[in-house]
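# Chain and residue survey
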Amino acid sequence: MIPRKIGVFDSGVGGLSVLKSIISSQHFETIVYYGDTARVPYGTRSKEVITQYSLEALEFFNTHNIDLLIVACNTISAYALKQMQQNANYPIIGVIEPGVLALTNKIKNKDSKILILGTKATINSNIYATLLQDKGYSNIQSLQTSLFVPMVEEGIFSGEVLNSAIKYYFNNINIPDAIILGCTHFPLISKEISNFFNNKPILIHSGESIVEYLQAKYKLQRFDTTNIEFYASDNLEKLKATANIWLNQ
């Protein structure tokens, strides 16, 4: 089956960076975006709560007759993806496996320095490091950079406050060969992160990775226009306003 109508799920607005890449690919006729904005963030919650919230979101998508669901959140992908897949009659794809695949396609030297950035929950899951180690990569460092999330949600994409946080996190980090942006908020500040490391690392972006993954997995069509439907568990107008900014960044 060629997916024409897909869902995109995130705990809030972070998945908009993935949505942007999906829209740019022009491979889908209709996209249903749902942000659980009433209960964001997921990154500080327990596995049990993350799974409960994610299965409740699945009930929302079950009423929209989608062909495919993209979980555009690293935390949900790390903790609840399998449970969601077991409770759906359509394919559900997370962002972690595509991200790892993208890195292995771009970084062939298994001794390369890899830096993984993410929320507390994603980093504590150790899922990126485990998958990379299974593929033979050993020089891996994982770093919780949770402060970046509220900054991005406040529209702080550059400037003194962001640069202070970047310096705080990275001041003692040697320049890596690749950085996995293990939170869908982080592509919005990728230029500033790259600049700190003199633009040397390859950056792995969830949105770009998921599009490459879908292109390889499915025989996707191209559509002249894409209809986007936005839904939120709270404050839909704020989500739409944020989408207007993020999708035009």
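What counts, and where the lines are drawn
- Residues numbered from 1 in each chain as written.
- Predicted model: local features only at pLDDT ≥ 70, side-chain atom pairs only at ≥ 80, totals over all residues.
- Heavy atoms only, no water.
- Buried < 20%, exposed > 50% of the residue type's maximum accessible area, 1.4 Å probe, protein only.
- Helix = DSSP H or I, 4+ residues; strand = E, 2+ residues; numbered from the N terminus.
- Pairing = 2+ DSSP bridges.
- Right-handed = clockwise from strand over helix to strand, strands pointing away.
- Core = buried A, V, L, I, M, F, W, Y, C linked by side-chain atoms within 4.5 Å.
- Contact = heavy atoms within 4.5 Å.
- 1 Å grid on protein atoms, 1.4 Å probe; cavity = no way out; pocket = protein on both sides within 12 Å on 5 of 7 lines; lining within 4 Å.
- Points joined across faces, edges and corners; volume = space filled by probe spheres on them.
- Nonpolar A, V, L, I, M, F, W, Y, C, P; charged D, E, K, R; others polar.
- Disulfide = S-S within 2.5 Å.
- Axes fitted to C-alpha atoms, helices over the stretch in contact; angles between N-to-C directions.
- Parallel < 35°, antiparallel > 145°, perpendicular 65-115°, else oblique.
- Arc of directions from axis to C-beta.

## Describing the pairing of strand β2 (residues 30-35)
In terms of burial, β2 is a largely internal element, six of the six residues being buried. Both faces of β2 are covered, namely the face carrying T30, V32 and Y34 and the face carrying I31, Y33 and G35. Of the pairings in the sheet, the one linking strand β1 (residues 5-10) to β2 comprises six bridges and is parallel in character. Within β2, the residue paired with V8 across the bridge is Y33. In terms of handedness, the path from β1 via helix α1 (residues 16-25) over to β2 forms a crossover that is right-handed. Strand direction decides the pairing type here: β2 and strand β9 (residues 227-232), joined by six bridges, are parallel. Residue pairing across strands places G35 opposite A232, the latter belonging to β9.

## Digging into the nonpolar core
Formed by 47 residues in total, the largest nonpolar core has its most connected members in L16, I22, L117, F148, F170, I193 and L214. The leading source of residues in this core is helix α9 (residues 160-170), at five residues. The contacts of L214, once residues within four sequence positions are left out, are F28, L68, I70, I93 and L220. By size, the runner-up hydrophobic cluster in this structure holds 39 residues, among which are A57, L69, I96 and I180.

## Quick word on empty space enclosed by the protein
In this structure the tally under the stated criterion is one cavity of 30 Å³ or more. As for the largest cavity, its lining consists of I116, T122, I123, N126, I127, Y128, A129 and S142. Listed by contribution, the elements that provide at least two residues to the lining of the largest cavity are α6 (120-125) and α7 (127-134). Element by element, the count of residues in the lining of the largest cavity is highest for α7, at three residues. Partitioned by chemical class, the residues of the lining of the largest cavity number five nonpolar, three polar and no charged.

## Brief notes about the state of the cysteines
Counting across every chain of the model gives zero disulfides. C73 forms no disulfide, and the closest cysteine sulfur to it belongs to C183, at a distance of 7.0 Å.

## Brief notes about the packing of helix α5 (residues 96-106) against helix α11 (residues 206-217)
Contact geometry for α5 and α11: axes closest at 8 Å, N-to-C directions at 90 degrees. When the axes of α5 and α11 are compared, the pair comes out roughly perpendicular. Across the interface between the two elements, E97, P98, G99, L101, A102 and K106 of α5 pack against S209, I210, E212 and Y213 of α11. Considered class by class, the residues forming the contact of α5 with α11 number five nonpolar, two polar and three charged.

## What to know about α9
Every α-helix winds through 3.6 residues per turn, so residues three or four apart in the chain are directed the same way. Within the span of α9, buried status applies to L162, A165, I166, Y169 and F170. Mapping the buried residues of α9 onto a view down its axis gives an arc of 110 degrees, with all of them on the same face. Exposed residues lying more than 90 degrees from the buried face of α9 are E160 and Y168. Where α9 is buried, its residues touch β5 (114-118), β6 (140-144), α8 (148-153) and α10 (190-196).

By themselves these figures say nothing about function.
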